[in-house]
Amino acid sequence: MKIAIDSFVSVIYDLNTGTGDDRKLKECATAESPLEFIFGTGVVLPAFEDRLKGLEAGGTFQFSLPPEHAYGEYEEENVIELPKKVFEMDGQFDAEFVREGSVLPMESSDGYRMNGTVMTVDTDTVVMNFNHPLAGETLHFSGKVLTVRQATAEDIAKLGGCGCGCQDSNCHSGSGSNGHGCCCG
């Protein structure tokens, strides 16, 4: 069976960024924890899906996605300074939770949910970066298709959201996406 709309797909891959000899591994999906998704449901980058369409189990892939087909360009206006009091709970600022490098779930004034990375914590402000961690990067994928089959009702119930399970920038862990570095859109 070839990858097509409503196919259950599982793949392994390495995701690198950078150019030439300066490429860095950002994420991997392994045989023990593959990327699983239902093709055509919009849970992975559309350009990622486009490159896999028509492949069969055992097929390999290698392609690059420029920023405009991945997570967009890095935008300085997505780095904002917020009053420190925004992060207070019961009048207390939690310096263990809100610290440089932390990824925090946030909500805009219109209810849009997003993750932001704490860049700095100053006396009265916290500088947050709301760009995707891979914004501005060309993504280089190489991998193999493990499984292609018609999706079952169980697959749809299990993978109705993101099946990628990325937990950190080094490896694909299989336990729910935090939107950080994985090929989910």
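As shown above, the structure is provided for reference.
So, here's what we can say about the structure.

Reading the values: rules and limits
- Residues numbered from 1 in each chain as written.
- Predicted model: local features only at pLDDT ≥ 70, side-chain atom pairs only at ≥ 80, totals over all residues.
- Heavy atoms only, no water.
- Pairing = 2+ DSSP bridges.
- Helix = DSSP H or I, 4+ residues; strand = E, 2+ residues; numbered from the N terminus.
- Axes fitted to C-alpha atoms, helices over the stretch in contact; angles between N-to-C directions.
- Contact = heavy atoms within 4.5 Å.
- Phe/Tyr/Trp six-rings, centres within 6.5 Å; stacked < 30°, edge-to-face > 60°.
- Buried < 20%, exposed > 50% of the residue type's maximum accessible area, 1.4 Å probe, protein only.
- Lys NZ or Arg CZ within 6 Å of the ring centre and 35° of its normal.

Strand order across the open sheet formed by four strands is β5-β10-β9-β8, with antiparallel pairing between neighbours. Only two strands of the sheet have a single neighbouring strand rather than two, namely β5 (79-83) and β8 (103-107). Between one strand axis and the next, the sheet turns by 45° as a mean value, whatever way the strands run. Note: strand β9 (residues 113-121) against strand β10 (residues 125-129), four bridges, orientation antiparallel. Bridging from a neighbouring strand, Val121 pairs with Val126 of β10.

Quick look at the side chain of Thr125 now. Turning to its location among the elements, Thr125 is positioned in strand β10. The residues touching Thr125, leaving out its near neighbours within four places in the chain, are Glu81, Leu82, Pro83, Lys84 and Thr120.

Our focus in this paragraph is the pairing of strand β2 (residues 24-29). As paired strands, strand β1 (residues 7-17) and β2 are joined by five bridges and run antiparallel to one another. Its bridge partner lying in β2, Thr17 is registered against Lys24. Here β1 hands over to β2 after six residues, with Gly18 in that stretch at a positive phi of 100°.

Scanning all chains against the criterion turns up eight aromatic pairs. Ring centres 5.5 Å apart and planes at 70° place the aromatic pair Tyr13 and Phe141 in the edge-to-face group. Taken together, the residues Tyr13 in strand β1 and Phe141 in strand β11 (residues 139-150) connect sequence positions 128 residues apart. The two residues Tyr13 and Phe141 agree in class, both being buried. Here the guanidinium or amino end of Lys84 rests over the ring plane of Phe93, the centre of that ring lying 4.6 Å away. Sitting over the ring of Phe8, Arg149 keeps its end group 4.0 Å from the ring centre.

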